[in-house]
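# Examination of the molecular architecture
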Amino acid sequence: MTGSQAISPATGKRKPLGMALLRNAPALLLASPFLFIAAFTLLAAFTPTADLNRGQLGSFTLENFRLAWESADFPRLYANTLLFTLGLLLVQLFTVTTAGFALAQLKVRGRNAVFYLILAQLFLPPSALILPNYLLIHRLGLSDTLTALALPYVASATGAFLLRQGFLQVPRELLDAARVDGATPWQILYRVMLPLVRPQLAAFALVSLVYHWNEFLWPLVVIQSREKRVLSLGFAAFARSAESGMEWGLIAAGAVLVALPLVLGFVLFQRAFVEAFARSGLKG
Amino acid sequence: MLGVWLFLLPTLVFLAAFTYLPFGIAAWEGLPALGSLLQRENLNALGVTALYTLLVVPLSVALGLLAALAVEGNSRFRLLARALIFHPVILPTVAFAAVFLYLLNPLGPLQGTLRWLGLQNPLGDPLGAFLAVVLIGVLKDMGLFMLYYLAGLQALPKEILEAAKVDGAGRTATFLRITLPLLSPTTFFVGIMATLGALRNVDHIFVLTKGGPVGATDHLLYRVYTLGFEYFDFPQAGALTLVLLTALTTLALLALPRLERGVHYDG
């Protein structure tokens, strides 16, 4: 398959469909389970639950969405999730920029120690620390708040290293020129450097939004009251109650409602999404 | 120079408060209860986690590579396949898993296939439930790994592949002797990501199996949750957290030196 370069790329001529299907068979084969899952989710979401329980598909209804929307209090779930993810992102943009800037400039002894201290977070993710983090949040009197959801994520190793990468690509002469002109580090960062690391900030923002939009375990631990639930938490509670009544249509409709904002975003910004994920790793 | 440290301050303070200090708290809570680890349920959770990781990591990495090889190129079909395989990455795991409640229910759309496999109600059967949880773990992440491999494939030096072709190496030989070794930094990185994921993402267990039946899907982190937040047994949950943190620290110590060699922060 690596040899596919051998086949002359896009000759411009339209190939017969059969040949195209054959050549893309491995790709389509690997994608088919995903197509199956997505198709059945959508089908089930628009099919009356009574039909689903009889194993019938085909009749169309919007009733599942209406019921799901009402029983899981989606407007509030969306609002809380937006508040949590955007509020956190705002703080993170500040911390990852400052940290990335500092890491790019570090040339002193102790630099490796600082790197390792920050890298440690990649291997000790907040989800593994739910118990001690909860005890801490509880001690601080912050349990059952959206603020508590954000605190473990304020410092981001991924973000700091991503931004460091961006800052290192800024030409030295630009910095020297700014320094000669008497700019303070703060001014250099905000006036000169920040516009140049916009791609890194955008990549980090997308990954942070997706990750926290989908977050479940930490909210499950921290949030007790119904009014403060975020999307995944509200949906899980809703799916549990719908499951006991075998309300498959409701579960599917709810899943669609939870996934919809990010899937729409994905469709609109596919290229940016893919690049953001590729950048978000330590690589590149 | 002082300026540099001031810029680092917010990050270091928050890391200290929510990463290093919690490690200490886990030790403080858990160390006295280390003896309780030898209970059958805890050993079971350790075994489930080990088996889960041993299955999910190689499967998701291999399928990610296979998918990357299959969707390389820009035909309409490949772009579509890429989007389909990637899409679970951006879905909440709880939503993705909830769909499987429907797909796997005894009256669901897979009933024929499941009956044929002898797993009429997989979620009610220890082996079936465990396999379902593994399946979701693999399907959720392989799209992300496909992405890293696509990036890795694009970065391969074309001259070497051309030279192999000139020398008359077949596709299989080229792949095994050249492509795969050249991709090994990517494989290493993806393997680390997959292992971290297998140890920390248990969201689907909450929706699908709740650790059951009879503990078949009682992942370590899921057990930390039940012990800590349903039974309020903080010492035992702390001891299990320590086991998890020890595994993660070992992984870090093994991986960091190599990761740093293979990965170029300095671009």
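In the block above lies the structure referred to throughout.
Quick summary incoming for the structure in this document. Computed from a predicted structure; not experimentally measured. (Residues numbered from 1 in each chain as written. Chains lettered and ligands numbered in written order. Predicted model: local features only at pLDDT ≥ 70, side-chain atom pairs only at ≥ 80, totals over all residues. Heavy atoms only, no water.)

### Points about the overall build of chain A
Each helix and strand counted, chain A has 16 helices and 0 strands in total. Against the 2.2 N^0.38 benchmark of 19 Å for 284 residues, chain A shows a C-alpha radius of gyration of 24 Å, more extended than a compact globule. When the 284 residues of chain A are sorted by exposure, 51% land in the buried category. Here the contacts in chain A between residues at least 6 apart in sequence split such that 72% fall between residues at least 24 apart. Surface accessibility of chain A: about 13100 Å² in total, with carbon and sulfur atoms responsible for 65%. Positive and negative side-chain charges of chain A, numbering 23 and 13 respectively, have mean locations separated by a distance of 13 Å. (Helix = DSSP H or I, 4+ residues; strand = E, 2+ residues; numbered from the N terminus. Rg over C-alpha atoms; globule rule 2.2 N^0.38 Å. Buried < 20%, exposed > 50% of the residue type's maximum accessible area, 1.4 Å probe, protein only. Contact = heavy atoms within 4.5 Å. Areas by Shrake-Rupley, 256 points an atom, 1.4 Å probe, with all protein chains shown as cover. Lys, Arg positive; Asp, Glu negative; His and termini not counted. Charge placed at Lys NZ, Arg CZ, Asp CG, Glu CD.)

### Some thoughts on the layout of surface pockets
Roughly 520 Å³ of volume is contained in the second largest pocket. Around the second largest pocket, the lining comprises 21 residues; the ones closest to its centre are A38(A), L42(A), V263(A), H87(B) and L91(B). Only α2 (25-45) and α15 (248-268) of chain A together with α3 (76-86) and α4 (93-104) of chain B provide two or more residues apiece to the lining of the second largest pocket. The element best represented in the lining of the second largest pocket is α15(A), accounting for 7 residues. (1 Å grid on protein atoms, 1.4 Å probe; cavity = no way out; pocket = protein on both sides within 12 Å on 5 of 7 lines; lining within 4 Å. Points joined across faces, edges and corners; volume = space filled by probe spheres on them.)

### Brief notes about the packing of α2(A) against α15(A)
All names here are of chain A. With their axes 7 Å apart at the nearest point, α2 and α15 run at an angle of 115 degrees to one another. Seen along the crossing, α2 lies across α15 with a hand that is left-handed. Seen from α2, the contacting residues are T41, L42, A44 and A45; seen from α15, they are G249, A252, A253 and V256. In terms of residue class, the contact of α2 with α15 is built from 6 nonpolar, 2 polar and no charged. (Axes fitted to C-alpha atoms, helices over the stretch in contact; angles between N-to-C directions. Left-handed = near helix turned anticlockwise from the far one by under 90°. Nonpolar A, V, L, I, M, F, W, Y, C, P; charged D, E, K, R; others polar.)

### Regarding the side chain of T49(B)
Residues and elements named next belong to chain B. Here T49 is to be found in helix α2 (residues 40-71). Judged by relative accessible area, T49 falls into the buried class, the value being 4%. When residues no more than four places from it in sequence are discounted, the contact partners of T49 are L199, H219 and L220.

### What to know about a nonpolar patch on the surface
All names here are of chain A. On the surface, a cluster of nonpolar side chains totalling about 300 Å² of accessible area is made up of F94, W186 and Y190. Assignment of secondary structure puts W186 in helix α11 (residues 185-193). By relative accessible area, which is 44% here, W186 ends up partly exposed. (Patch = residues over 30% accessible without salt bridge, like charges linked within 9 Å, V, L, I, M, F, W, Y side chains within 5 Å. Salt bridge = Lys/Arg side-chain N within 4 Å of Asp/Glu carboxyl O.)

### Considering the pattern of salt bridges
Within this structure, the stated rule accounts for 6 salt bridges over all chains. Two residues, R66(A) and E63(A), come together in a salt bridge whose shortest N-O distance is 2.8 Å. With R66(A) and E63(A) both in helix α4 (residues 63-71) and 3 residues apart, the pair spans about one turn of that helix. Looking at R66(A), the relative accessible area reads 41%, which means it is partly exposed. Here R223(B) ties to D218(B) by a salt bridge, and the two come within 3.8 Å at their closest N and O atoms. Using a relative accessible area of 11% as the deciding quantity, one classes R223(B) as buried. Taken together, the shared-partner salt bridges connect E63(A), R66(A) and E70(A) into one network.

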